[in-house]
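# Secondary and tertiary structure notes
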Amino acid sequence: MEKIALIGSGLIGTGWGIVFSESGRNPVLYDTDINALDKALMEIEKGLSDLDEYGLIYEPPETILSRVSTSTNLEEVLDGAVHVQESIPERAELKKDLFEKLDKMVPNDVTIASSTSTIPVSAFTEHLPGRERCIVIHPGTPPHLLRLVEIVPSPWTSSRVVTKSRDLMEDCRQATSVLKKEIQGFVLNRIQYAVISEVYRLWEDEVAGIEDIEKTVREALGLRWSFMGAMETISLNAPGGVPDYNNRYGQWVNEINTSQKARQWSEESVNRLETERLKSRPSVDNSSRRSWRDKRLMALLAHKRDRSKIEGD
Ligand SMILES: NC(=O)c1ccc[n+]([C@@H]2O[C@H](COP(=O)([O-])OP(=O)(O)OC[C@H]3O[C@@H](n4cnc5c(N)ncnc54)[C@H](O)[C@@H]3O)[C@@H](O)[C@H]2O)c1
């Protein structure tokens, strides 16, 4: 069985633990904080049990869990690993230090991937002798439920490493999106940031209250986007597809687009937004709400899997 080294065992490292163990591999989780490792194991156990409840795994959860282990000894974690996945905090200088260390410790034919959400891998690997095996594999949150990864090579990542990363992820039942070039935020977060920036502007300009704006995302746009892309969505809103949509609505798209000026988020406004937002949401703590979200995602995944067998994709 293939050993996978997971460096950093917070929210994302934990999700990777589920993804890799579920695919029959042996993930070994490493963290500089021993408490994070204990927490990760508990979360993996809970995640697997929930997945089982929703019929989304194909072996008993105990069997999958038995493939997961933890260690605070980096050398031991890396020894014999066929893939290294880094998920430490989003700070370029931390990643630079770690990649420097990993590049010295890991054999040349082993891929070293970063889970970074926004930073191109070239920002912290340029000086490394083994830089051609460094790549971004950016998961969604949580990685075992949002089953798409962005694969982002730097200008010096070898094409062999891109192919190997894509094959590994597809074998782990992840859909893959391979970017043609590096860009800050990749595709997922650029789209997400465009949406949240407009939500913020509309709220700050008092066009609508936060709950009404959130409702619009939740009950309207998000519903279609859960099984269709943005362009396919608009193609069905005009009889002649996207060109017809452009003829009918392109002028408004362009006018609104050019009026959407960049806006710095202010701490005071963010705090006010959060206070207003929490008034319309159930009063539960963040971690219980995350667990609720995961179960809704699992139900949606099971629904999508079952309906695509009947109706196609
Ligand atoms: N949270 C998200 O929504 C999300 C989604 C996709 C990708 N990511 C990316 O994944 C990475 C991790 O994010 P997260 O949300 O899991 O963060 P997190 O804070 O939950 O976990 C980070 C973990 O790394 C550990 N750590 C710190 N320095 C370390 C080191 N040198 N060696 C080993 N472990 C170390 C910390 O103790 C902590 O447990 C970031 O780059 C982030 O941008 C996050």
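As a convention, each chain's residues are numbered from 1 in the sequence order in which they are written. Reporting of local features is limited, given that this is a predicted model, to residues whose pLDDT is at least 70; pairs of side-chain atoms are given and counted only at 80 or more, and all residues count toward the totals for whole chains, interfaces and linings. The basis for every side-chain value is the complete set of non-hydrogen atoms in the structure, without hydrogens or water.

## A short note on the domain arrangement of the protein
Under the domain assignment, the protein is made up of domain 1 (3-178) and domain 2 (190-281). Between the C-alpha centres of domain 1 and domain 2 the distance comes to 32 Å. In this entry, domain limits derive from an automatic or database-based domain assignment.

## Examining the site of the ligand
By convention in these notes, a residue is near a molecule or strand provided one of its non-hydrogen atoms lies within 4 Å of it. Near the ligand lie 21 residues; those nearest to it are Asp 31, Glu 90, Lys 95, Ser 117 and Thr 141. In protein, a polar contact means a hydrogen-donor-capable atom and an acceptor-capable atom, both N or O and within 3.5 Å, with residues adjacent in sequence counting only if both atoms are side-chain atoms; elsewhere, any N or O pair within 3.5 Å suffices. At a separation of 2.6 Å, an oxygen atom of the ligand approaches a polar side-chain atom of Glu 90. Thr 141 is positioned such that a nitrogen or oxygen atom in its side chain is 2.6 Å from an oxygen atom of the ligand. Calculation of accessible area relied on Shrake-Rupley with a 1.4 Å probe; when residues are assessed, cover is drawn exclusively from the protein chains displayed. Within the complex, the protein chains bury 74% of what would otherwise be the 840 Å² of accessible surface of the ligand. Helix numbering and strand numbering both begin at the N terminus, where a helix is a DSSP run of H or I of at least 4 residues and a strand a DSSP run of E of at least 2. At the level of elements, helix H1 (11-22) and strand S6 (134-139) are the ones that each hand at least two residues to the shell around the ligand. Three classes are used: nonpolar for Ala, Val, Leu, Ile, Met, Phe, Trp, Tyr, Cys and Pro, charged for Asp, Glu, Lys and Arg, and polar for all others, with Gly counted as polar. Its residues assigned to classes, the shell around the ligand comprises eight nonpolar, nine polar and four charged.

## Quick look at helix H6 (residues 159-171)
With 13 residues, H6 should cover 18 Å at 1.5 Å per step; its first-to-last C-alpha distance of 18 Å lies within 8% of that length. The complete set of buried residues in H6 reads Val 161, Val 162, Ser 165, Leu 168 and Met 169. Projected down its long axis, H6 shows its buried positions confined to an angular sector of 135 degrees, all on one face. Looking at the buried positions of H6, the neighbouring elements they touch are H1, strand S4 (83-86), strand S5 (111-114), S6, strand S7 (148-153) and strand S8 (175-178). The positive-phi residue at the C-terminal boundary of H6 is Arg 173, with phi of around 60 degrees. Given a helix with a known number of residues, its expected span is that number minus one, times 1.5 Å. Burial here depends on accessible area, computed with a 1.4 Å probe over protein chains only, as a share of the maximum for the residue type. Under 20% is buried, over 50% is exposed, and the range in between is partly exposed. The arc refers to the directions leading from the helix axis to the C-beta atoms. Only heavy atoms matter for contacts: two residues are in contact if any of them lie within 4.5 Å across the pair.

## Structural notes on the side chain of Ser 9
Structurally, the position occupied by Ser 9 is in the loop between strand S1 (3-7) and H1. Using a relative accessible area of 3% as the deciding quantity, one classes Ser 9 as buried. Those residues within four positions of Ser 9 in sequence are excluded, and the remaining contacts are Thr 14, Leu 29, Tyr 30, Asp 31, Ala 36, Leu 37 and Ala 40.

## Examining the packing of helix H7 (residues 188-204) against helix H8 (residues 210-225)
A fitted line through C-alpha atoms serves as each axis, taken over the contacting stretch for helices, and the angle formed by two N-to-C directions is quoted from 0 to 180°. At their nearest, the axes of H7 and H8 sit 9 Å apart, and the two run at 150 degrees to each other. Judged by the inter-axis angle, H7 sits roughly antiparallel to H8. Between H7 and H8 lies a crossing of right-handed hand. Here Val 199, Leu 202 and Trp 203 of H7 come into contact with H8, specifically with Ile 210, Ile 213, Glu 214 and Val 217. Any angle between 65 and 115 degrees counts as roughly perpendicular, while under 35 counts as roughly parallel, over 145 as roughly antiparallel, and the rest as oblique. Handedness of each helix crossing follows the sense of rotation of the near helix against the far helix: counterclockwise by less than a right angle gives left-handed, clockwise gives right-handed.

## Some thoughts on the pattern of salt bridges
Basic side-chain nitrogens of Lys or Arg form a salt bridge, by our definition, when they fall within 4 Å of a carboxyl oxygen of Asp or Glu. By the definition in use, this model includes 23 salt bridges. A salt bridge links Glu 2 to Arg 25; the shortest N-O distance between them is 2.7 Å. With a gap of 23 residues between them, Glu 2 in the segment before S1 and Arg 25 in the loop between H1 and strand S2 (26-30) connect regions that are remote in the sequence. Residue classification places Glu 2 among the partly exposed residues on the basis of a relative accessible area of 36%. Judged by relative accessible area, Arg 25 falls into the buried class, the value being 8%.

## Re a negative patch on the surface
A patch consists of residues whose relative accessible area exceeds 30% and which take part in no salt bridge; residues with like charges are grouped when within 9 Å of each other, and nonpolar side chains (Val, Leu, Ile, Met, Phe, Trp, Tyr) when within 5 Å. His is not counted, nor are the chain ends; Lys and Arg add positive charge and Asp and Glu add negative charge. To locate a charge, take atom NZ for lysine, CZ for arginine, CG for aspartate or CD for glutamate. A cluster of acidic residues, Glu 45, Asp 52, Glu 53 and Glu 62, forms a negative patch on the protein surface. The leading source of residues in the negative patch is helix H2 (residues 34-53), at three residues. Position of Glu 45 relative to the elements: it lies in helix H2. Overall, the relative accessible area of 46% leaves Glu 45 in the partly exposed class.

## Section: the environment of Val 84
Turning to its location among the elements, Val 84 is positioned in strand S4. The exposure class assigned to Val 84 is buried, which follows from its relative accessible area of 1%. Excluding anything up to four places from it in sequence, Val 84 contacts Ala 5, Ile 7, Leu 78, Leu 102, Val 106, Val 110, Thr 111, Ile 112 and Ala 113.

## Quick notes on the nonpolar core
When a protein is soluble and globular, its nonpolar side chains tend to lie buried together. Residues enter a nonpolar core if they are buried and are Ala, Val, Leu, Ile, Met, Phe, Trp, Tyr or Cys, with the set joined through side-chain atoms within 4.5 Å. Counting residues in hydrophobic clusters, the biggest one holds 31 residues, and the most contacted among them are Trp 16, Phe 20, Leu 51 and Met 169. Setting aside residues no more than four positions away along its own chain, Leu 51 makes contact with Ile 18, Glu 22, Leu 56, Ile 57, His 144, Leu 145 and Met 298. In this structure, Val 28, Leu 74, Phe 99 and Phe 186 belong to the second largest nonpolar core, which totals 24 residues.

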